[in-house]
Amino acid sequence: MSLQPETFRSLIKVAAEQVIASAPELTTLDQAIGDGDHGSNMKRGCEAVLGKLDAISAQPLDEALKMIGKTLVMTVGGASGPLYGSFFLAAGEALSHDKHLPDDLADVFGSAVDAVSARGRSHVGEKTMLDVLVPVLETLKAAAGQPDLIARIRTTATDALARTAPMQATKGRASFLGPRSIGHLDPGARSSCVLVQAVCASLEGKQ
Ligand code: ADP
Ligand code: MG
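Caption draft 1: Seen up close, the layout of surface pockets. When its volume is computed, the largest pocket comes out at roughly 460 Å³. Mapped onto the lining of the largest pocket, the elements with two or more residues apiece are α2 (23–33), α3 (38–51), α6 (80–96), α7 (105–120) and α10 (187–206). Residue composition of the lining of the largest pocket, by class: seven nonpolar, ten polar and seven charged.

Caption draft 2: Region of interest: empty space enclosed by the protein. Tallied over the full model, the rule gives one cavity of 30 Å³ or more. Looking at the largest cavity, its volume works out to about 800 Å³. In terms of lining, the largest cavity is formed by 35 residues, of which the most central are L11, F87, F88, F109 and V199. Residue assignment for the lining of the largest cavity shows that the elements contributing at least two residues are α1 (5–21), α3, α5 (61–75), α6, α7, α8 (130–143), α9 (149–162) and α10. Here the element with the most residues in the lining of the largest cavity is α10; it accounts for six residues.

Caption draft 3: The coordination of the magnesium ion (ligand 2), seen in detail. Coordination sphere of the magnesium ion (ligand 2), protein contribution only: D30 (OD), D35 (OD) and D37 (OD), at 2.0 to 2.2 Å. In the primary sequence, the donor residues of the magnesium ion (ligand 2) line up as D-x4-D-x1-D. The exposure class of D37 is partly exposed, given its relative accessible area of 23%.

Caption draft 4: Structural context of unusual backbone geometry. Each neighbour pair has its own omega, and for L101 with P102 the value is 5 degrees, a cis peptide bond. When you line up the elements, P102 lands in the loop between α6 and α7. Non-glycine residue R121 carries a positive phi angle of around 45 degrees. Inspection of the secondary structure puts R121 in the loop between α7 and α8. According to the relative accessible area criterion, R121 is exposed, its value standing at 66%. One non-glycine residue, K127, lies in positive phi territory at about 65 degrees. Looking at the secondary structure, you find K127 in the loop between α7 and α8.

The rules we used
Residues numbered from 1 in each chain as written. Chains lettered and ligands numbered in written order. Predicted model: local features only at pLDDT ≥ 70, side-chain atom pairs only at ≥ 80, totals over all residues. Heavy atoms only, no water. 1 Å grid on protein atoms, 1.4 Å probe; cavity = no way out; pocket = protein on both sides within 12 Å on 5 of 7 lines; lining within 4 Å. Points joined across faces, edges and corners; volume = space filled by probe spheres on them. Helix = DSSP H or I, 4+ residues; strand = E, 2+ residues; numbered from the N terminus. Nonpolar A, V, L, I, M, F, W, Y, C, P; charged D, E, K, R; others polar. Donors = N, O, S within 2.8 Å, 3.2 Å for Na, K, Ca; no water. Buried < 20%, exposed > 50% of the residue type's maximum accessible area, 1.4 Å probe, protein only.

In short, shape yes, function no, at least from these values alone.
Structure, rendered in structure tokens:
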């Protein structure tokens, strides 16, 4: 899995387009346990990234990821904007500090996940995007270099998303509902799953 500039560009494009396509579903999920803006928040952020796609993909990978992070911080809003922003900023920072892809993919993804956790003061099991991102990180660590890595990540993300339904939210707006947050998928976990699946689909197409 090598990451050429054209590959990165199409990967970002596919991921942003998939999130935009899933905006109605993200809205419905956020209407159930939040304030119903997760779809429009993510759509706005992804449209801003697509609008800057040429400038982003002209940068070296570390700077490109930081640019995506800054764009998301400025445009997404809500709780998820600073969290996704931190994710991409930290991934870019990790690459600026002597980490390289694809060899250090788990380390880079780990720095990004840690940044979300630090920013959100949140951990796995609280019914947030971390409930998809952390299991994906675990699979990245466990299956790095394996030929079926992408398939395993896809399964991990889908299963992890489903496991957010029986959880009670203890972070974010959904936590205000207490036990009534149980029985619904977490919107941010869903958007993370969409992003992960889109990146996997894009990489599968390049193999
Ligand atoms: P808001 O909750 O401000 O309306 P969004 O609707 O855009 O923002 O995003 C909600 C999602 O953000 C949640 O479904 C959850 O996944 C994620 N989230 C909220 N707070 C946290 C947190 N402290 N840590 C991690 N993720 C969080
Ligand atoms: Mg919301």
